[in-house]
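Next come the chains, spelled out residue by residue.
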Amino acid sequence: MKMFRGERLFTPGPVEIPDRVREVLSRQIVHHRTPEFREAFLETRELFKRLVGSQSDNFVFFASSGTGSMEAAIQNFFSSGDKVVAVVGGKFGERWSQLGKRWGLEVIDLEVEWGDSVDPNRVEDLIKKHPDCRGVLIQMSESSTGAYHDVKTLGEMLKERDTLLVVDAITALGVYNINPESWGIDVLIGGSQKAFMLPPGLSMLWFSQRSKERIQSRSYYFSVSEEVKRQTEGQTAWTPAVPLILGLREVLKILLDIGMDRVEQTYRTVAEGVREAVRSLGLKVFPKNPTISLTAVEPVEGLDAEAVRKEMLKLGVRVAGGQGKLKGRIFRISHMGVDPIDTVVALSALEMALKKLGKDIKLGTAVGAYMETVSDLL
Ligand SMILES: *Cc1c(COP(=O)(O)O)cnc(C)c1O
């Protein structure tokens, strides 16, 4: 039963917003063509540079959801007819493939079993077969399956080739300590309502020096060259998502005050704890090599994932179901924006849901397994 607290979000986007950030978001709107906003905007850019560990000005914020920046990457760094490889191991991999095709690229789909992580050698073999391949499109954290793709190894592999590594890090940037420059990532994309713990409506696109040389704007709204020019001066080409920019500044301060190494380590421990908890209940962690931003769970013994999700929702705990062909097979618990102790709420709701669905479990099993794993954090 729900009482006073509304629904709690343990969904991989949107995620709950830290109180400090909600306070900033609730303020009266400020005009964007003012010295005050310009100063805030430039400070946000400086903080973002620290987040990605690079002094480069090659990045922009777009007033769009994450997909906007994915489309911008295709439009600005590739031409019609360019050959690219899209790693398709989930719903968001499919999105890369569809976006590329929509803009006239020759997309070679590298199909990966949903829940698996791509073997970097398969990418390398494919590129050797297609030496004219201009880019590899991939997710770092495939949120639909919970799988982690090893983009760091791919970065090493592609550094010496004329192939751009384009990484959708919408559930990774803000969770992992990512250093695109030293990892050899060419385009790195983030999204506000995921790891950045903001409302939806803002995306971030970082790009390497060699990508810059390829820029050609096929889009009017998503023109990277126009935006970079304006944004480095503290302005934006069009009206920016003002509250989200101010919120982003606050989020970046929070993340950088903790330190991205510690942020990543904390998420890693929480994710390990949740996996232990899931196994302690006799359920399965779905992906073989899971991301630390969320855990995709496959109930076994004839349990329906949707039934579990709905029981949890009755208790006020919202987790996400499976998407596409995984609908009904898995549910997904997000760790983004959740403090370690609060994950206990999701796990106890999971225990209760299973019990209500007739599974013989001892209450406290998952919570206990989780707490044992994360106790050093607390
Ligand atoms: C959520 C998500 C997207 C899409 O972002 P929108 O904000 O819904 O446009 C793309 N890729 C991944 C990995 C995501 O998790």
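Residues numbered from 1 in each chain as written. Predicted model: local features only at pLDDT ≥ 70, side-chain atom pairs only at ≥ 80, totals over all residues. Heavy atoms only, no water.

Even after reading the chapter, I still don't get the packing of helix H2 (residues 35-52) against helix H10 (residues 242-258), so can you show me in this structure?
What describes two packed helices is the angle between their axes and the distance between those same axes. As a packed pair, H2 and H10 sit with axes 9 Å apart at the nearest point and diverge in direction by 40°. The pairing of H2 with H10 is recorded here as oblique in orientation. Along this stretch, H2 crosses H10, giving a crossing that reads as left-handed. Packed against H2, whose contacting residues are Phe37, Ala40, Phe41, Glu43, Thr44, Leu47, Phe48, Arg50 and Leu51, the element H10 presents Val242, Ile245, Leu246, Leu248, Arg249, Leu252, Lys253, Leu255 and Leu256 at the interface. Looking at the contact of H2 with H10 residue by residue, the class counts come to 13 nonpolar, 1 polar and 4 charged. (Axes fitted to C-alpha atoms, helices over the stretch in contact; angles between N-to-C directions. Helix = DSSP H or I, 4+ residues; strand = E, 2+ residues; numbered from the N terminus. Parallel < 35°, antiparallel > 145°, perpendicular 65-115°, else oblique. Left-handed = near helix turned anticlockwise from the far one by under 90°. Contact = heavy atoms within 4.5 Å. Nonpolar A, V, L, I, M, F, W, Y, C, P; charged D, E, K, R; others polar.)

I tried to follow the site of the ligand on my own but got confused; where do I start?
With respect to spatial proximity, 14 residues lie near the ligand, and among them Ser65, Thr67, Ser143, Asp168 and Lys194 are the closest. Measuring from an oxygen atom of the ligand, one finds a backbone N or O atom of Gly66 at 2.9 Å. A distance of 2.8 Å separates an oxygen atom of the ligand from a polar atom in the side chain of Gln193. Here the ligand, which alone exposes 380 Å², has 90% of that area covered by the protein. Elements supplying a minimum of two residues to the shell around the ligand: helix H3 (66-77) and helix H4 (91-102). In terms of residue count, the dominant contributor to the shell around the ligand is H3 (3 residues). (Near = heavy atom within 4 Å. Polar contact = N/O pair within 3.5 Å; in protein donor to acceptor, adjacent residues only side chain to side chain. Areas by Shrake-Rupley, 256 points an atom, 1.4 Å probe, with all protein chains shown as cover.)

What should I look at first to understand the domain arrangement of the protein chain in this one?
It is common to give the size of an interface as the accessible area that goes away when the parts come together. Along its sequence, the protein chain is organised into domain 1 (8-15 + 260-377) and domain 2 (31-258). A straight line from the C-alpha centre of domain 1 to that of domain 2 covers 28 Å. Residue-level contacts link 28 residues of domain 1 with 25 residues of domain 2. With both sides pooled, the region where domain 1 packs onto domain 2 buries about 2400 Å², and carbon together with sulfur makes up 60% of that total. Among the residues domain 1 hides against domain 2, the three largest losses belong to Met260, Asn289 and Gln323. Together they make up 25% of the total. If you look at where domain 1 meets domain 2, you find 12 residue pairs in polar contact (both at pLDDT 80 or more). (Domains from an automatic or database assignment. Buried area = accessible area lost by both parts, 1.4 Å probe.)

Before we go on, may I ask you to explain the pairing of strand S5 (residues 135-139) in this structure?
Working note: regular strand, side chains alternate between the two faces of the sheet. The element S5 is extensively covered by neighbouring structure, given that 5 of its 5 residues are classed as buried. Judged by which residues are buried, S5 turns out to be covered on both faces: Gly135, Leu137 and Gln139 on one side and Val136 and Ile138 on the other are all buried. Pairing between strand S3 (residues 83-88) and S5: 3 bridges, direction parallel. Residue pairing in the sheet places Val84 in a bridge with Gly135 of S5. (Buried < 20%, exposed > 50% of the residue type's maximum accessible area, 1.4 Å probe, protein only. Pairing = 2+ DSSP bridges.)

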